[in-house]
Amino acid sequence: MNRSAKAEFPLGQAIGETVRIVVDTLIARVQSGDYPTESRLPSERALAAELGVSRNTVREALDVLEQREMIRRRQGSGSFVTYQSDAPEAPVPGSIGERTSPLDHLIVRSIVEPEMIRLAVMNMTPRELEDLARIVARIEAVRTDVTEFTRSEEDFYRAIAHATRNPLLAACYELTIEVCRQSFRTALMRKHLTPVRIQDYQTRFNSLFNAIATRDVEAAVEITKLHLVEEQKLFLQPD
């Protein structure tokens, strides 16, 4: 069964900031595939030395991961990863998803998203703004869960697409989301979307929402274009 880590820590568990940082680091490594499913984690001693913390701190962080069912401990053997990410859907042979390259996808987004944002700013209703604000709040609540982040990101742009009042445009953008799910970007985001980069994305989405809410068309379009430039840099990063 696929599981995704929850954004919040277990109810009633008070942990220190250092433990929280270690938890975030370990979750990011698990979700990125650095620690694959069924692999054995480094020993508490090795993690403590690498992260510059005490073994007690590492042990507390592993307690959190175990409660989230991301790892299991075997007496005398160590800690093993049980987390399983939601795998991207395999594209149908010959489908548009299979034939679309990362560059193709970025080119389409660069053409569509700025104008989609422009139309949405002009047409979005107060109720739609409230709904968009709730999606942004979900995005901002994510700390390490890449699956939740990407789903919330999809919901954000889907809401923008529907707010254009252009059903054909909304349908076209839905296709870009489906292609994205089936292919390269999901795997890429899992690899590169670290807690620090998540915070950067959250800042951008917050700025974009503020521009939309104040009906600042040019600012919203500019933020969107800059976001796409950062996405391009991400794709061009060496492995």
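Quick caveat: nothing in here was measured; it's all calculated off a predicted structure.

A count of helices and strands for the chain gives 11 helices and 2 strands. Ordered by position from N to C terminus, the α and β elements of the chain give α-α-α-β-β-α-α-α-α-α-α-α-α. Split into buried and exposed, the 239 residues of the chain put 44% on the buried side. In the chain, of all internal contacts separated by at least 6 residues, the share reaching a separation of at least 24 is 74%. In the form shown here, the chain has an accessible surface area of approximately 12,300 Å², with 55% of it arising from carbon and sulfur atoms.

Turning our eyes to something else, we now look at the pattern of salt bridges. One pass over the structure, following the stated rule, counts 21 salt bridges. With its nearest N and O atoms 3.9 Å apart, the salt bridge here joins Glu-17 to Arg-20. Residue Glu-17 and its partner Arg-20 are both found in helix α1 (residues 17–32); the two are separated by 3 residues, about one turn of the helix. The exposure class of Arg-20 is partly exposed, given its relative accessible area of 22%. Among the salt bridges present, the one from Glu-230 reaches Arg-204, with a minimum N-O distance of 3.9 Å. Residue Glu-230 is found in helix α11 (residues 217–236), and its partner Arg-204 is found in helix α10 (residues 195–213); the two are separated by 26 residues along the sequence.

Here 4 bridges tie strand β1 (residues 71–74) to strand β2 (residues 78–81), and the two strands are oriented antiparallel to one another. Among the inter-strand pairings, Arg-73 is bridged to a residue of β2, identified as Ser-79. Connecting the antiparallel pair β1 and β2 is a turn made up of 3 residues, with Gly-76 showing a positive phi of about 80°.

Thresholds applied
Residues numbered from 1 in each chain as written. Predicted model: local features only at pLDDT ≥ 70, side-chain atom pairs only at ≥ 80, totals over all residues. Heavy atoms only, no water. Helix = DSSP H or I, 4+ residues; strand = E, 2+ residues; numbered from the N terminus. Buried < 20%, exposed > 50% of the residue type's maximum accessible area, 1.4 Å probe, protein only. Contact = heavy atoms within 4.5 Å. Areas by Shrake-Rupley, 256 points an atom, 1.4 Å probe, with all protein chains shown as cover. Salt bridge = Lys/Arg side-chain N within 4 Å of Asp/Glu carboxyl O. Pairing = 2+ DSSP bridges.

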